[in-house]
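As a plain string of letters, each chain reads:
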Amino acid sequence: MKRRGFTLIELLIVIVILGILITIVLRVYTGPVTKAKILKCKANLKDLYIACYDYSTQERSFPWAGDDAEYWEHWALLVKWCDNGRKISPEKFVCPEFLNKRVAKKDEETGEWELGPENVSYAYANQICSPESTGYLAADMDVRIGGRGQGHSGVIVIVPCSGGARVHKLKEGEDWESVCGRWLTRE
């Protein structure tokens, strides 16, 4: 008795069914992971806001390293003010979606946190901000659109100067610049 092999049609049907099952499994798996990363990002930004608010009650404005300062220099000022990272951890400055950013390390000689552009994934206000200000204090610096970018897919996590953190779902034609660009600096 001769054994019959699979026909091309049967093989294609099996491949299509496997593809559908893999797609379903990936959607079920990545949905909660994505939501968890967004929640972690919101928590990071809320903690940064609280630290900025504490700073503002004593210094009369949110941290401001000067008009020519880079976005991360404002955050570095906050870390130094927060008892050199004892009141706010430098890990709060890194969004879980950013793979090319790493948590800052302490300088062994000085004992101070060395916060720089490679340790910060949140943009910062390009104007002097206070809790009474309109506009944004900080937001994710990047968003994945069409497979590009490193941040959350199709959303930007934003904290306004007035507090709280919100998730802005990008609409057709919107990008990071059109939503945050006039308020925030990220370069």
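Please refer to the structure placed before this passage.
Residues numbered from 1 in each chain as written. Predicted model: local features only at pLDDT ≥ 70, side-chain atom pairs only at ≥ 80, totals over all residues. Heavy atoms only, no water.

Draft legend 1. The arrangement of the side chain of Asp140 in detail. Within the secondary structure layout, Asp140 lies in strand β2 (residues 136-140). Looking at Asp140, the relative accessible area reads 0%, which means it is buried. (Helix = DSSP H or I, 4+ residues; strand = E, 2+ residues; numbered from the N terminus. Buried < 20%, exposed > 50% of the residue type's maximum accessible area, 1.4 Å probe, protein only.)

Draft legend 2. Molecular detail of the pattern of salt bridges. According to the stated counting rule, one finds three salt bridges in the structure shown. Here Glu112 ties to Lys80 by a salt bridge, and the two come within 3.6 Å at their closest N and O atoms. With Glu112 in the loop between α2 (71-81) and β1 (122-125) and Lys80 in helix α2, the pair connects residues that are 32 residues apart, well separated along the chain. Residue classification places Glu112 among the partly exposed positions, given a relative accessible area of 34%. The closest approach of N and O atoms between Arg144 and Glu97, which form a salt bridge, is 3.5 Å. (Salt bridge = Lys/Arg side-chain N within 4 Å of Asp/Glu carboxyl O.)

Draft legend 3. Examining the pairing of β2 more closely. Among the five residues in β2, five count as buried, and that is most of the element. With three bridges joining them, β1 and β2 adopt antiparallel strand pairing. Directly across from Ala123, in β2, lies its bridge partner Ala139. Pairing between β2 and strand β3 (residues 155-160): three bridges, direction antiparallel. Residue pairing across strands places Tyr136 opposite Pro160, the latter belonging to β3. (Pairing = 2+ DSSP bridges.)

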